[in-house]
Amino acid sequence: MRKVLTIGEVLVEIVATTKGNGFIEAQPLIGPFPSGAPAIFLDQLGKLGTPCAIISRVGDDDFGHVNLTRLRADGVDVSGVEIAPGESTGSAFVRYREDGSRSFVYNIRHSACGNLKPTDASEALIESCDHLHVMGTALSAPGLGEMVMDAARRMKARGGTISFDPNLRPEILNSPGLRERLEAVLAMTDLFMPSGDELFLFEPSRSETDAAEALLSRGIRTIVLKRGAGGASLFEDGLRIDATPLTVEELDPTGAGDSFGGAFLSFWLADAKPELALRYANAAGARAVTRIGPMEGTSTRAELDALLTLQKG
Ligand code: ATP
Ligand code: MG
């Protein structure tokens, strides 16, 4: 089985239990929950039995150990996670507003994963894995961005494949050099997984079909478009499939995209039929939003089968 690698942040998330505007007054919190988009993505892959590894950096503290323990338990190779004594593991505090939007307080750039550099262990993983998943967020940080670009070039040169989730938050869109890196990764991408308007990031077309066709003609094999509570769509050459959303109670949407993506990639790498990969990914995204905490809603195959059977009902 092909082994998946990703590079990026491992952090904890701490969630306010009340809704409102940010953290300007004392309030009840729940956490730490294991988090970080690349980590959630791999946790989902690991739960579905796909071999996978992460390159990251954490402090020698409880927040780091919460993550390592969870990832290991779910089958993720953490040999490429450097433990940095005296540094702190990254964190994100999140509070939902009444309208469903979120405000964050991040400690990522100045945390242990903000100082990620190649190590012997990370080099060994880049040489031994068969697929690289790239998060657009990783490309916004100069050092990390270069490391990801280097891994992507080497993966392609060795005949490996690349998936790419732009995952762009408005705060990072104007980071220096980001555009160029996004374009360079897209040119190497086999599986593109944008959400919403990110489909038009590189091809400002009038319709989704036009944008998808233009992207496919650049050499991308598969595009899956995430639509939040609206479900998802898949585009391949001459093929479009729409997945209607499953009906679930949304308690915490954070991590849905990564759970969806990890599940889709697991099936895609196993050469599953596109319909099947999309159906399971749609279920993984739906199940993810029913749990508080970004990594709490990743699913096993049995959990996805149970949800799909229930909804066929
Ligand atoms: P994030 O980056 O915050 O993790 P995203 O924008 O990348 O999220 P979404 O589109 O929010 O990803 O969610 C991914 C997929 O999960 C959707 O395409 C859909 O299949 C499923 N999903 C998300 N929210 C819901 C919901 N409320 N009900 C049913 N399915 C959902
Ligand atoms: Mg996303």
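Residues numbered from 1 in each chain as written. Chains lettered and ligands numbered in written order. Predicted model: local features only at pLDDT ≥ 70, side-chain atom pairs only at ≥ 80, totals over all residues. Heavy atoms only, no water.

Engineer: Which parts of the structure should I look at to understand the overall build of the chain?
Structural biologist: The number of helices and strands found in the chain is nine helices and 14 strands. Whereas a compact globule of 313 residues would reach a radius of gyration of roughly 20 Å, the chain reaches 18 Å, a difference of no more than 12%. C-alpha extents for the chain along the principal axes are approximately 55 × 45 × 40 Å. With 313 residues in all, the chain has 54% of them scored as buried. Sequence-distant contacts, at least 24 apart, represent 72% of the contacts inside the chain between residues at least 6 apart. (Helix = DSSP H or I, 4+ residues; strand = E, 2+ residues; numbered from the N terminus. Rg over C-alpha atoms; globule rule 2.2 N^0.38 Å. Buried < 20%, exposed > 50% of the residue type's maximum accessible area, 1.4 Å probe, protein only. Contact = heavy atoms within 4.5 Å.)

Engineer: For this particular structure, what's the right way to read the pattern of salt bridges?
Structural biologist: Side-chain pairs of opposite charge can arise whenever the charged atoms involved come near each other. If you walk through the whole model with that rule in mind, you get 18 salt bridges. Notably, a salt bridge pairs Glu82 with Arg57, separated by 3.1 Å at the nearest N-O pair. Here the residue Glu82 occupies a position in strand β6 (residues 81–84), and Arg57 occupies one in strand β4 (residues 52–59), the gap between them amounting to 25 residues. Between Glu303 and Arg287 there is a salt bridge, with its nearest N and O atoms 3.6 Å apart. Of the two residues, Glu303 is situated in helix α9 (residues 301–312) and Arg287 in helix α8 (residues 274–288); the sequence distance between them amounts to 16 residues. For Arg287, a relative accessible area of 11% translates into the label buried. Here the residues in one salt-bridge network are Glu123, Glu127, Asp150 and Arg154, joined through shared partners. (Salt bridge = Lys/Arg side-chain N within 4 Å of Asp/Glu carboxyl O.)

Engineer: Got a minute to help me understand a nonpolar patch on the surface in this structure?
Structural biologist: A surface patch of nonpolar side chains, amounting to about 250 Å² of accessible area, comprises Ile30, Leu251 and Ile292. When you line up the elements, Leu251 lands in the loop between β14 (239–243) and α7 (256–269). (Patch = residues over 30% accessible without salt bridge, like charges linked within 9 Å, V, L, I, M, F, W, Y side chains within 5 Å. Areas by Shrake-Rupley, 256 points an atom, 1.4 Å probe, with all protein chains shown as cover.)

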